[in-house]
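Structure assessment
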Amino acid sequence: MNKPDTPDTPDTPDTPDTPDAPDTQHNFEASRGADPNRESPSPTVGALPDLAQFFGDDHEKCDRAWADIENANAEGIDVIKPKWEAFQSMMDRHFRWEEETLFPTFERATGIQHGPTSVMRSEHEQMRAMLRQMASAVALGDVEALLDQGDTLHMLVQQHNRKEEGMLYPMAAQVLGGDWARLHSELA
């Protein structure tokens, strides 16, 4: 018996069965449980998103930008290159937001200089190294190498994001409280 408001569908896995279905082998979105077709959350006019939501949403935006690259893998480097540039720019911006604004403010407020923020900075450097390798693959037109290196970046990003979203952002939100409005305006 079906539950109310539940569509009548067979109990089969959701797997693409058409040759035109996008390849999800390298998909950042799938591992986050995010819907790659979902639109970016739009902020409510006049409402300030909380710190954890703001940075978590940006993680998802970066994930969707990578998914755009993965989904374009059969279209060749000329299609991928501008998508790559957008993704790389988003990643760089996210790192800057954290390293230049969030982390120093958190460190001043807590007095913790060699704690979670130093671990996050170190992981950012690891990810930047991967991004440089990926940029080289793009420059050489090597889509396969880009996607293979993207798998490694994916593992780093997912572990990193879990730490930030599960520990650092909630701590920062609690500690920074009223400073969040000022910090948010610096990031806009």
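Here the structure is a predicted model, which means the values were calculated and not measured.

**Details of the overall build of the chain**
In terms of regular secondary structure, the chain is built from 6 helices and 0 strands. Taken from the N to the C terminus, the helices and strands of the chain come in the order α-α-α-α-α-α. Restricting to contacts in the chain with at least 6 residues of sequence separation, those with at least 24 account for 76%. In the structure as shown, the chain presents an accessible area of about 10900 Å², 51% of it carried by carbon and sulfur atoms.

**Notes on the nonpolar core**
Counting 22 residues, the largest nonpolar core has Trp66, Trp84, Phe87, Leu131, Leu146 and Leu153 as the members making the most contacts within it. Mapped by element, the contributors of at least two residues to this core are α2 (51-71), α3 (77-110), α4 (116-140) and α5 (143-176). Apart from the residues lying within four places of it in its own chain, the contact partners of leucine 146 are Trp66, Ile69, Ile80, Trp84, Met134, Ala137 and Val138.

**Brief notes about helix α6 (residues 180-187)**
Within α6, the full set of buried residues consists of Trp180, Leu183, His184 and Leu187. Looking straight down α6, one finds that the buried residues subtend no more than 100° of arc, so they occupy a single side. Those residues of α6 that are buried are in contact with α2, α3 and α5.

**Digging into the environment of leucine 187**
By the secondary structure assignment, leucine 187 is in helix α6. Between the C-alpha atoms of leucine 187 and leucine 102, which are 85 residues apart in sequence, the distance is 9.4 Å. Setting aside residues up to four positions removed in sequence, leucine 187 forms contacts with Phe54, Phe55, Trp97, Thr101 and Trp180.

**Quick look at the confidence of the model for the chain**
When pLDDT drops low, the exact placement of atoms in the prediction is not to be read closely. Taken over all residues, the pLDDT of the chain has a mean of 82, while the share at 70 or more is 76%. pLDDT under 50 marks residues 1-45. Its contacts with residues more than four places away, or in other chains, come to 45 contacts.

**As for the packing of aromatic side chains**
Counted by the stated rule, this structure contains 7 aromatic pairs. Summarising the aromatic geometry, the rings of phenylalanine 54 and tryptophan 97 are spaced 5.1 Å apart at their centres and angled 35° between planes, so their arrangement reads as tilted. Of this pair, phenylalanine 54 sits in helix α2 while tryptophan 97 is found in helix α3, placing the two residues 43 residues apart along the sequence. Between the aromatic rings of tryptophan 66 and phenylalanine 87, the centroid separation amounts to 5.3 Å while the plane-to-plane angle is 50°, which identifies the pairing as tilted.

**Looking at the pattern of salt bridges**
Enumeration according to the criterion identifies 7 salt bridges in this entry. A salt bridge links glutamate 123 to lysine 163, with the shortest nitrogen-to-oxygen separation between them at 2.3 Å. Pair noted here: glutamate 123 is in helix α4 and lysine 163 is in helix α5, with a separation of 40 residues, a long-range link. Across the pair glutamate 125 and arginine 128 runs a salt bridge, and its minimum N-O distance is 2.8 Å. Note that glutamate 125 and arginine 128 are positioned in helix α4 at a spacing of 3 residues, about one turn of the helix.

**Considering α5**
Helix length check: α5, at 34 residues, gives a terminal C-alpha distance of 42 Å against a target of 50 Å (1.5 Å per residue), a shortfall beyond 12%. Glutamate 164 marks the point of greatest bend in α5, at about 40°. Taking the backbone nitrogen of glutamate 144 as reference, a side-chain oxygen 3.4 Å away marks aspartate 142 as the first, capping residue of α5. At the exit of α5 stands glycine 177, carrying a positive phi of roughly 40°.

**Structural notes on the packing of α3 against α5**
Taken N-terminus to C-terminus, the directions of α3 and α5 make an angle of 25°; their axes are 12 Å apart at the nearest point. Considered as vectors, α3 and α5 are oriented roughly parallel to each other. In the crossing of α3 with α5, the sense of the turn from one axis to the other is left-handed. Taken together, the residues of the contact of α3 with α5 break down into 19 nonpolar, 4 polar and 2 charged.

Cut-off values and rules
- Residues numbered from 1 in each chain as written.
- Predicted model: local features only at pLDDT ≥ 70, side-chain atom pairs only at ≥ 80, totals over all residues.
- Heavy atoms only, no water.
- Helix = DSSP H or I, 4+ residues; strand = E, 2+ residues; numbered from the N terminus.
- Contact = heavy atoms within 4.5 Å.
- Areas by Shrake-Rupley, 256 points an atom, 1.4 Å probe, with all protein chains shown as cover.
- Core = buried A, V, L, I, M, F, W, Y, C linked by side-chain atoms within 4.5 Å.
- Buried < 20%, exposed > 50% of the residue type's maximum accessible area, 1.4 Å probe, protein only.
- Arc of directions from axis to C-beta.
- pLDDT = per-residue confidence, 0-100.
- Phe/Tyr/Trp six-rings, centres within 6.5 Å; stacked < 30°, edge-to-face > 60°.
- Salt bridge = Lys/Arg side-chain N within 4 Å of Asp/Glu carboxyl O.
- Expected span 1.5 Å × (residues − 1).
- Bend = angle between axes of the 7 residues up to and from the residue.
- Polar contact = N/O pair within 3.5 Å; in protein donor to acceptor, adjacent residues only side chain to side chain.
- Axes fitted to C-alpha atoms, helices over the stretch in contact; angles between N-to-C directions.
- Parallel < 35°, antiparallel > 145°, perpendicular 65-115°, else oblique.
- Left-handed = near helix turned anticlockwise from the far one by under 90°.
- Nonpolar A, V, L, I, M, F, W, Y, C, P; charged D, E, K, R; others polar.

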